[in-house]
Amino acid sequence: MAKLTIPKEEIMSPGHMGCQGCGATMAMRYALKALGKKTMISVPACCWAIIPGAWPNTCMQIPMQYTAFEVTGASISGIRAALDSQGMQDVNVVGWAGDGGTVDIGIQALSGMIERGHNVIYICYDNEAYMNTGIQRSGSTPYGAWTTTTPVGTTEYWEEGQKKNLMEIVVAHRLPYAATASVAYPEDFIKKLNKCLEIPGPKFFQVYAPCPTGWKSSPELSMDLARKAVTTRAFPIYEVEHGKYKINRKPEKTPLSEYLMLQGRFKHLPEKEVEFLDAHYEKEWKALLKLEEMTQDESLGNFM
Amino acid sequence: MRKVVTGNMAAAIGAKLCKPDVISAYPITPQTTIVEYIADFVADGSLKTQYVKVESEHSAMAACISASNLGVRTFTATSSHGLLLMHEMLGWASGARLPVVMVNVNRAIGPPWSVWVDHLDAIMQRDTGWIHIFAENNQEVLDSMIMMYKICEDHDVLLPGMIHEDAFYLSHTSEPVDIPDQSKVDEFLPKYKALVKMDLDNPLGFGSLVMPDNYMEFRYKIALAMDNVREKIIEVDADFKRLFGRSYGGMLDLYRCEDAEYVLLGAGTTASTVREVVDELREQGKKVGLARLRVFRPFPYEEIRKLARSVKAIGVFERAFAFGYMGPFMAEIGGALYNTDIRIPIKDYIIGLGGRDVRTKHIHAIFNDLEKIANSGKLDKELKWFGLNDGNRPEEEM
Amino acid sequence: MKTYQEITITPINNVDSRAVKTGAWRTWRPVLIPEKCIHCYKCWKVCPDVAISVESPEEKSLPVWDYDYCKGCGLCAFECPKDAIEMQREVDQ
């Protein structure tokens with residue numbers, strides 16, 4: 001059967017500045033297919049502040065404003081407030097920030113945005129480090145990863161903290177909808193975006209976006225890596241709708257080393273460190289399964 | 001209608017009269033009552049606006065900028081550390097050419113913690129590309145807001161502007177204020193029409209990367225717009241007088257300067273104290289005057305040159321100090337006069353930092369000192385921390 | 001380089017990025033082997049550069065590469081379930 005599994009219309013133009021095999025660019029292309037042209041977007045400092053092109057070029061066919069690093073949440077509150085003041089309810093307002101701009105410098109503005117209940121969508125594309133500035137570690141960098149600020153030396157070896165659990169922070173705000181997604185599963189990402197457009201209030205996405213440049217991986221592997229991140233439990237795909245967890249993909253587990261060893265940023269890891277990381281992901285996965293089970297309790301109702 | 005209100009109430013009423021579509025603010029002493037009054041106006045339905053209660057001043061400015069990018073009128077208010085936190089976004093507002101208007105309640109920078117008046121918070125925002133107006137009284141706070149929107153939203157300007165009011169001396173002190181009729185304000189200040197905005201029908205990108213081959217040109221356009229502000233302020237001040245009967249002297253507010261031999265120059269509420277002393281000294285036959293620095297950016301260098309040509313000495317009073325040099329106004333005035341043939345002595349008096357009271361007797365002492373300089377043509381020293389407790393403070397400074 | 005009189009007051013991006021021919025970045029060129037294609041259009045789906053188009057999926061039209069923009073990342077070839085896309089080294093000009 002010959003048919004397209006995602007919308008045909010392209011709202012992102014070619015000729016952009018994304019690196020070869022850029023996951024962040026794939027994520028934007030998919031997101032725009034779901035969001036459509038009745039969308040306004042705010043982008044802080046991140047790779048996507050450069051990808052559209054230098055003035056006067058742009059690959060975006062929707063209104064877009066660039067903003068400062070830490071204000072994505074506040075900026076889309078401002079856009080929504082301005083639209084509301086003009087009675088324009090039927091415009092999608094989207095904040096599009098990287099992981100550093102979300103989990104680190106922008107987390108305060110994100111928190112305020114969610115708590116205010118504005119009808120907006122915040123999408124964090126997660127490539128697990130400050131890639132635009134040249135691969136410095138962020139709060140979203142996973143344990144064991146090489147970055148330019150966690151170099152593999154003789155006294156320090158790699159990133160020693162675990163990846164910050166952004167979803168749990170976001171869900172703690174009791175917002176109506178939050179989800180992880182991956183460029184490996186564009187249909188799932190688009191389906192969830194379409195669903196969230198029907199839900200009033202703040203919505204949040206963390207979309208996994210491989211970065212060949214920063215991960216020292218081959219550009220043709222971006223989708224495969226994103227897939228393996230899901231199958232190894234390194235980045236599970238799930239949604240939290242009104243407090244109810246639903247894991248969207250429960251694939252058979254594949255060996256973590258098959259995912260890590262395709263990336264230069266993990267090549268230095270000794271086997272026991274891979275095992276340590278694998279055990280961590282397994283623990284997180286089990287906790288997620290429990291959360292899914294727990295939150296199905298009907299007596300809880302739509303508690304968020 | 002005449003009402004007795006605080007500076008903060010005057011600011012809140014000013015906001016109501018100007019009908020911003022979006023207000024975004026965060027509380028900080030002594031600005032707090034502004035955000036409270038606005039909340040009351042929104043709650044009682046007398047102000048129809050989207051009131052975004054953000055989690056920081058930085059976000060307040062970010063929300064105003066984004067809203068302004070959609071072509072709507074915006075307002076915020078802050079003070080001191082809040083203004084400093086906004087600093088990054090202040091540059092964004094001017095660079096993006098958005099006419100955001102704000103009231104800043106001038107308050108000292110800590111440590112030591114101080115909630116009282118000091119102008120350093122404003123001075124630290126000098127080069128952000130904002131228009132700065134220092135109010136002298138509560139009436140001017142309100143009137144300046146109406147004028148500021150008119151100036152900022154002019155298509156030859158399109159820059160943000162802030163109105164400064166002194167902490168407590170204005171923010172929490174009640175004065176009689178004439179509240180203009182809404183219909184007159186509407187006539188004076190029509191709805192804001194953006195030159196370009198975020199629009200689904202014309203999807204554009206705003207504020208992107210510009211390569212070095214054109215960055216300078218964009219900055220030059222800000223410089224040109226700021227130059228346009230000079231005549232716009234004078235024009236709007238005259239228009240305002242026609243409709244409301246009040247004028248603030250345009251760029252530099254001169255009081256009894258026509259035949260003055262020596263004058264004091266400075267900003268804020270101290271100007272009112274100086275005004276009173278000028279009257280007293282004039283009765284004694286002394287030819288003194290006040291030049292109130294109403295507009296700090298754009299800087300009224302032409303007006304200051306003109307004034308300096310007609311006097312023998314200028315004393316600068318300022319509630320701020322630029323560490324490592326001298327008072328910030330002094331440095332600017334010196335710069336304004338250097339490339340002229342004017343060679344009069346100018347003395348800098350640092351006064352009332354962190355809300356220390358500046359009374360008429362202090363201004364008398366400063367005028368006495370300045371009289372000696374004017375008569376002798378000699379400057380004993382360029383800079384004086386007036387009233388500084390160094391263990392041997394002269395009686396007149398107590 | 002434009003004069004200050006020619007530019008807008010603030011940078012406004014209004015030129016579609018198609019003006020930038022990113023195909024110049026490419027060192028490996030994806031080439032379709034038509035007889036192997038099963039019209040699943042995964043190549044089109046994964047392309048980060050919007051450089052592949054499918055005119056009429058219903059009529060099983062073949063995917064078409066726009067080499068003005070294709071950066072040669074190889075995602076299409078890697079994801080192709082039938083190895084119907086070959087990465088060929090660009091000949092040095």
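Okay, so let's go over this structure. (Residues numbered from 1 in each chain as written. Chains lettered and ligands numbered in written order. Predicted model: local features only at pLDDT ≥ 70, side-chain atom pairs only at ≥ 80, totals over all residues. Heavy atoms only, no water.)

1. Considerations on the nonpolar core
Next, step 1: One finds Trp 48, Trp 96 and Leu 193 of chain A to be the most contacted residues of the largest nonpolar core, which totals 94 residues.
Next, step 2: In this structure, Leu 193 of chain A is in contact with Ala 31, Ala 34, Leu 35, Ile 121, Ile 123 and Phe 205 of chain A, ignoring residues within four places of it in sequence.
Next, step 3: Judged by nonpolar contacts, the second largest core, of 60 residues, contains Leu 83 of chain A together with Met 61, Val 100 and Leu 204 of chain B. (Core = buried A, V, L, I, M, F, W, Y, C linked by side-chain atoms within 4.5 Å. Buried < 20%, exposed > 50% of the residue type's maximum accessible area, 1.4 Å probe, protein only. Contact = heavy atoms within 4.5 Å.)

2. A look at the interface of chain A and chain C
Next, step 1: Contact residues are listed per partner, giving 44 residues for chain A and 36 residues for chain C.
Next, step 2: Summed over both partners, the interface of chain A with chain C comes to about 3,200 Å²; 59% of that surface belongs to carbon and sulfur atoms.
Next, step 3: The interface formed by chain A and chain C includes 2 salt bridges.
Next, step 4: The partner of Glu 79 of chain C in a salt bridge is Arg 227 of chain A, and the shortest N-O contact between them spans 3.0 Å.
Next, step 5: In this assembly, chain A and chain C are joined by 25 residue pairs in polar contact (both at pLDDT 80 or more).
Next, step 6: Elements that contribute at least two residues to the side of chain A that touches chain C include exactly α1 (23-35), β2 (57-58), α6 (186-197) and α8 (222-231) of chain A.
Next, step 7: For the side of chain A that touches chain C, the leading source of residues is α1 of chain A, giving 5 residues.
Next, step 8: Looking at the side of chain A that touches chain C residue by residue, the class counts come to 22 nonpolar, 13 polar and 9 charged.
Next, step 9: Two elements, β2 of chain A and strand β2 (residues 15-16) of chain C, share 2 bridges in a ladder whose sense is parallel. Looking across to β2 of chain C, one finds that Asn 57 of chain A is bridged to Val 15 of chain C. (Buried area = accessible area lost by both parts, 1.4 Å probe. Salt bridge = Lys/Arg side-chain N within 4 Å of Asp/Glu carboxyl O. Polar contact = N/O pair within 3.5 Å; in protein donor to acceptor, adjacent residues only side chain to side chain. Helix = DSSP H or I, 4+ residues; strand = E, 2+ residues; numbered from the N terminus. Nonpolar A, V, L, I, M, F, W, Y, C, P; charged D, E, K, R; others polar. Pairing = 2+ DSSP bridges.)

3. Concerning the sheet that holds strand β2 (residues 22-25) of chain B
In a beta sheet, neighbouring strands are held together by backbone hydrogen bonds and run either parallel or antiparallel to one another.
All names here are of chain B.
Next, step 1: The 7 strands lie next to each other as β3-β2-β4-β5-β7-β6-β13, forming an open sheet whose pairing is mixed. Taken across any chain shown, the strands that pair with only one partner, and hence form the sheet edges, are β3 (50-53) and β13 (295-297). Taking the axes of each pair of neighbouring strands and ignoring which way they run, one obtains an average angle of 20 degrees across the sheet.
Next, step 2: By the bridge criterion, 4 bridges tie strand β6 (residues 131-134) to strand β7 (residues 161-166) in an arrangement that is parallel. By the bridge assignment for β7, His 132 is matched with Met 162.
Next, step 3: Across the sheet, helix α6 (residues 138-152) is in contact with β4 (74-79), β5 (101-106), β6 and β7; its angle to β7 comes to roughly 170 degrees. (Axes fitted to C-alpha atoms, helices over the stretch in contact; angles between N-to-C directions.)

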